[in-house]
Amino acid sequence: MMVKQTFLWYNSSTGTPDSSQASGAYIFRPNRTNPIPIMLRNNVLTKVYQSNLIQEVHQEFSPWLTQVVRLYKAQRHAEFEWTVGPIPFQDGFGKEIITRFDSDIKSGKQFFTDSNGREILERVKDHRDTWFYNVTEPVSGNYYPVNSRIYIKDDKKQMTILTDRSQGGSSLQEGSIELMIHRRIQHDDGRGVGEPLNETGQFGDGLIIRGKHFVLLSSPAKSASLHRNLAEQLYMAPSISFFKASADWQIKYNLSGSFLHKNLPANVHLLTLELWDSNTALIRLEHQYEKDEDPDLSTNVTVSFKNLFVSFDVLSVREVSLSANQFVEDATRLKWKVMDSDQMMPSNKKPIPVSPKTLNVLLSPMQIRSFLATIKGH
């Protein structure tokens with residue numbers, strides 16, 4: 001798979017004869033469809049560093065834009081860490097900085113973004129499923145929120161990019177993904193802020209932004225298992241803290257171990273384990289895959305609470321709503337009619353109850369189930 005990465009900038013619109021709307025804090029509106037490459041010279045200044053564990057490529061695109069590309073040993077993804085800013089503004093132009101990955105993937109007008117960090121939505125350039133879309137903003141009209149990932153694919157290849165923060169992204173050309181990473185604008189968009197998006201920062205010359213993109217290249221059949229696992233590692237990473245340790249801290253404290261007697265299935269994540277009191281715990285389990293996303297992992301799966309946790313046993317459970325403020329059997333949902341149909345939505349379908357004997361929990365793709373568990377400590 002051939003992939004080329006570049007940095008470019010859109011010139012912010014200050015208004016046109018058709019519309020006085022300027023680009024600003026709330027509005028992204030470039031004054032042209034083709035972004036301008038960011039490159040101080042004809043070639044990017046590059047240095048390569050290698051060791052037994054890691055390869056790094058250090059790149060300088062301009063005095064205010066640099067990048068480090070990392071590939072760790074036995075790692076399936078490449079890490080792109082960029083540093084952008086302060087964005088120059090003396091020329092009076094507003095600049096909206098993007099990174100773009102161009103590939104030979106035959107994706108057509110189709111691309112995919114996450115909707116909430118979990119589920120994936122199909123996007124089609126210049127198209128809306130439920131109404132006729134009149135294209136007046138060919139760039140910003142095709143930008144979508146990217147909370148965790150965006151990808152393009154064809155029958156044989158898929159390129160997935162995971163972000164370290166919420167960003168705007170799109171695929172405006174076949175085989176291409178672009179993500180907005182920084183902005184500095186000279187005009188107010190008239191949407192309530194009352195000033196341009198021109199933060200001057202600590203030293204008065206503008207903000208410096210540093211972030212990471214994580215790029216996976218694989219076949220579509222294998223991509224879900226790769227980006228789902230990587231997303232869990234990135235977004236559920238443990239928090240690191242430090243304290244002053246005594247000489248015998250290695251003896252006093254247990255430095256490794258697991259809360260579980262056995263591994264959970266590969267498509268299940270223990271989302272919440274919260275002790276409410278000495279006899280009650282809130283437990284949430286989630287199925288991490290969507291339907292038809294993976295040939296093996298996008299299936300129903302059963303998890304048993306029996307002999308699952310090391311420090312306590314689960315004696316019984318009662319299922320609660322996702323927010324854990326109502327028992328499922330007591331919930332009464334609002335219902336409505338669908339247009340041109342007598343069917344009421346949603347249906348009265350309830351999750352399959354957990355047997356008090358087996359304590360087995362059935363999870364279907366993308367399902368999250370929450371339980372108040374009565375427990376007994378060891």
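I will try to describe carefully the structure that is included in this document. This is a predicted model, so every value here is computed, not measured.

Glancing now at the overall build of the protein chain. A tally of regular secondary structure across the protein chain gives two helices and 23 strands. Here the C-alpha coordinates of the protein chain stretch approximately 70 × 70 × 45 Å along the principal axes. Counting the 378 residues in the protein chain, one finds 41% classified as buried. Looking at the protein chain as shown, the accessible area adds up to about 22,200 Å², and 52% of this sits on carbon and sulfur atoms. Computing the positive centroid from 43 side-chain charges and the negative centroid from 41, the protein chain places the two 4 Å apart.

Attention now goes to the side chain of glutamine 21. Secondary-structure assignment places glutamine 21 in the loop between strand 1 (3-11) and strand 2 (36-37). For glutamine 21, a relative accessible area of 15% puts it in the buried group. Of the polar contacts made by the side chain of glutamine 21, one reaches the side chain of arginine 191; its length is 2.6 Å. Ignoring any residue separated from it by four or fewer positions in sequence, one finds glutamine 21 in contact with Ser13, Gly15, Ile27, Arg29, Asp189 and Arg191.

Within the structure shown, the criterion is met by nine aromatic pairs. Between phenylalanine 28 and tyrosine 143, the ring centres sit 5.0 Å apart and the planes meet at 70°, which makes this aromatic pair edge-to-face. You can see phenylalanine 28 sitting in the loop between strand 1 and strand 2 and its partner tyrosine 143 sitting in the loop between strand 9 (120-124) and strand 10 (144-146), a full 115 residues away along the chain. Side by side, phenylalanine 28 and tyrosine 143 carry an identical accessibility label, which is buried.

If you walk across this open sheet you meet the six strands as 2-1-7-14-13-10, and the pairing is antiparallel. Each edge of the open sheet is held by one strand with a lone partner, namely strand 2 and strand 10.

On the basis of which strands lie adjacent, the open sheet formed by nine strands has the order 3-4-5-6-15-12-11-8-9 and antiparallel pairing. In the strand order of this sheet, the two ends are held by strand 3 (45-50) and strand 9, each with one partner. Along the sheet, successive strands turn relative to each other by an average axial angle of 20°, direction set aside. Sheet topology note: the strand 5 (residues 65-72)/strand 6 (residues 77-84) ladder contains six bridges and is antiparallel. Across the sheet, glutamine 67 pairs through a bridge with tryptophan 82, a residue of strand 6.

Definitions and limits used
Numbering of residues begins from 1 in every chain and follows the order in which that chain's sequence is written. Totals for whole chains, interfaces and linings use every residue, but because this is a predicted model, local features are given only for residues with pLDDT of at least 70 and side-chain atom pairs only at 80 or more, for both listing and counting. The basis for the side-chain values is all heavy atoms of the structure; hydrogens and waters are excluded. Starting at the N terminus, helices and strands are each numbered in turn, a helix being any DSSP run of H or I of at least four residues and a strand any DSSP run of E of at least two. Three exposure classes are used, based on accessible area relative to the maximum for each residue type with a 1.4 Å probe and protein chains only: buried under 20%, partly exposed in between, and exposed over 50%. Per-residue accessibility takes into account occlusion by the displayed protein chains alone, with areas from the Shrake-Rupley method and a 1.4 Å probe. In this count, Lys and Arg are taken as positive residues and Asp and Glu as negative ones, while His and the chain termini are left out. Where a charge lies is defined by one atom per residue type: Lys uses NZ, Arg uses CZ, Asp uses CG and Glu uses CD. Pairs of N or O atoms within 3.5 Å make up the polar contacts considered here, provided that, within protein, one atom can donate a hydrogen while the other can accept it, and that residues adjacent in sequence are counted only when both atoms are side-chain atoms. A contact between two residues is defined here by any heavy atoms of the two lying within 4.5 Å. For Phe, Tyr and Trp, rings pair up if their centres lie within 6.5 Å, where Trp contributes its six-membered ring, and each pair is then called stacked (planes under 30 degrees apart), edge-to-face (over 60) or tilted (otherwise). Note on pairing: two strands pair once DSSP finds at least 2 bridges between them. The axes are straight lines fitted to the C-alpha atoms, using for helices just the contacting stretch, and the angles between their N-to-C directions are given from 0 to 180°.

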